[in-house]
Structures are given as C-alpha cells and as structure tokens.
Amino acid sequence: MIERIPAYSNESMIDYCKNLLSILSQTYDTKVGRGKKAEVVKVFKYNQDQDVIDKLKNSIEHYKKLNQMKNRKVGSFEIVKYKIVIQSGNPKIEIEMIKVLDEDGEYIKFARLKDVIGYLSKYPVTFRPI
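All values derive from a computational prediction rather than experimental measurement.

Novice: It is not clear to me how the overall build of the protein chain should be interpreted in this structure. Could you clarify?
Specialist: Helix and strand counts for the protein chain stand at three helices and six strands. Put simply, the protein chain runs from its N terminus to its C terminus through helices and strands in the order α-β-β-α-β-β-β-α-β. A principal-axis box enclosing the C-alpha atoms of the protein chain has dimensions of 90 × 30 × 25 Å. Buried positions account for 22% of the 130 residues belonging to the protein chain. Of the roughly 10000 Å² of accessible surface on the protein chain, a fraction of 51% belongs to carbon and sulfur atoms. Put simply, the protein chain has 24 plus and 17 minus side-chain charges, and the middle of one group is 4 Å from the middle of the other.

Spelled out as structure tokens, the structure:
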C-alpha cells in the first residue's frame with residue numbers, strides 16, 4: 001500500500017493514486033505482423049511490475065474505505081471478546097475486543113477499550129454471547 005503523504009486527505013490520496021495508475025496504464029497502438037495479417041496491439045508505454053499496479057489498486061480501495069468510514073456515525077458498540085473473572089469474590093468483566101457499529105448496525109471498525117471508554121455510556125452496548 002502507498003503510505004499517506006503528510007497533509008493529504010483521503011480524497012487527495014485517492015486522486016493521487018488514480019493519477020499514478022493512469023500514468024502507468026497508458027498504452028499506445030503498435031502493429032504486429034505484416035501485410036493483411038497485421039494486427040494492432042496495445043502496448044504499455046512504461047514497463048512496470050504487476051505488483052506496482054496491484055499496490056496502487058489496493059491503495060485506492062483502502063483510502064475509499066477510510067473515506068466512507070469518515071462519513072459514518074457511530075450507532076452502538078458490540079463487545080465481541082470478553083471474559084468473566086472472579087476477583088476477591090466479585091465478578092468482573094475483562095473486555096478484549098470491541099466492535100464499533102454505525103446507526104444501521106453495520107461494521108465500522110474494531111476499537112481498543114482505552115479509545116472508546118468515554119463513549120460507552122453515550123451509545124448502546126451489547127455483548128455477544130460467549
């Protein structure tokens with residue numbers, strides 16, 4: 001994946017990657033063969049590895065997903081991995097993994113507890129059965 005350029009937003013990175021991809025995908029027509037059997041074949045202007053093209057396509061998809069996530073609002077949290085531990089006679093819940101869902105209940109991302117602890121009281125929280 002192509003690393004983010006400082007001060008570039010997700011939209012700017014998408015445009016940047018698309019521009020690079022369009023440059024690397026430029027072709028020109030060349031004739032192959034002689035006489036009536038000659039065929040016109042498209043040939044890339046620049047030699048590049050397929051890995052570079054794949055990297056650019058993956059980067060475009062990555063930044064598109066980031067851009068979509070930015071526009072979605074948090075609707076709820078789902079505690080996915082947790083343990084019930086008894087410490088000094090009192091049951092405690094150890095949370096290992098939290099899934100952030102949007103208003104439609106669709107997955108946004110997984111989050112660390114320390115990142116979302118302040119928001120747990122503001123949004124509905126569900127526990128996935130163990």
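After that view of the structure, there is still more to cover.
Novice: How do you make sense of the side chain of Ser-76 when you look at a structure like this?
Specialist: In this fold, Ser-76 is placed in strand 3 (residues 74–87). Taking the relative accessible area as the measure of exposure, Ser-76 reaches 16% and is therefore buried. Once residues within four sequence positions are removed from consideration, Ser-76 is found in contact with Lys-99, Val-100, Leu-101, Asp-102, Tyr-123 and Pro-124.

Novice: Looking at this structure, how should I read the sheet that holds strand 5 (residues 107–111)?
Specialist: Either a parallel or an antiparallel arrangement is found when strands of a sheet pair, and the pairing is made through backbone hydrogen bonds. Pairing is mixed in the open sheet, where four strands are placed in the order 5-4-3-6. Each edge of the sheet is formed by a strand with only one pairing partner; in this case those strands are strand 5 and strand 6 (125–127). The average angle at which neighbouring strand axes cross in this sheet is 35°, direction not considered. Where strand 3 lies against strand 4 (residues 90–102), twelve bridges are found, and the strand directions are antiparallel. Residue Phe-77 lies in a different strand from strand 4, and its bridge partner there is Val-100.

Novice: It is not clear to me how the packing of aromatic side chains should be interpreted in this structure. Could you clarify?
Specialist: The description of an aromatic ring pair uses the distance of the two centres, along with the angle that the planes make with each other. As enumerated under the stated definition, the model contains four aromatic pairs in all. Measuring from ring centre to ring centre gives 5.1 Å for Tyr-82 and Phe-127, while their planes differ by 80°; the resulting arrangement is edge-to-face. Within this pair, whereas Tyr-82 is found in strand 3, its partner Phe-127 is found in strand 6, the two being separated by 45 residues in sequence. Under the relative-accessibility criterion, Tyr-82 is labelled buried at 16%.

What counts and what doesn't
Residues numbered from 1 in each chain as written. Predicted model: local features only at pLDDT ≥ 70, side-chain atom pairs only at ≥ 80, totals over all residues. Heavy atoms only, no water. Helix = DSSP H or I, 4+ residues; strand = E, 2+ residues; numbered from the N terminus. Buried < 20%, exposed > 50% of the residue type's maximum accessible area, 1.4 Å probe, protein only. Areas by Shrake-Rupley, 256 points an atom, 1.4 Å probe, with all protein chains shown as cover. Lys, Arg positive; Asp, Glu negative; His and termini not counted. Charge placed at Lys NZ, Arg CZ, Asp CG, Glu CD. Contact = heavy atoms within 4.5 Å. Pairing = 2+ DSSP bridges. Axes fitted to C-alpha atoms, helices over the stretch in contact; angles between N-to-C directions. Phe/Tyr/Trp six-rings, centres within 6.5 Å; stacked < 30°, edge-to-face > 60°.

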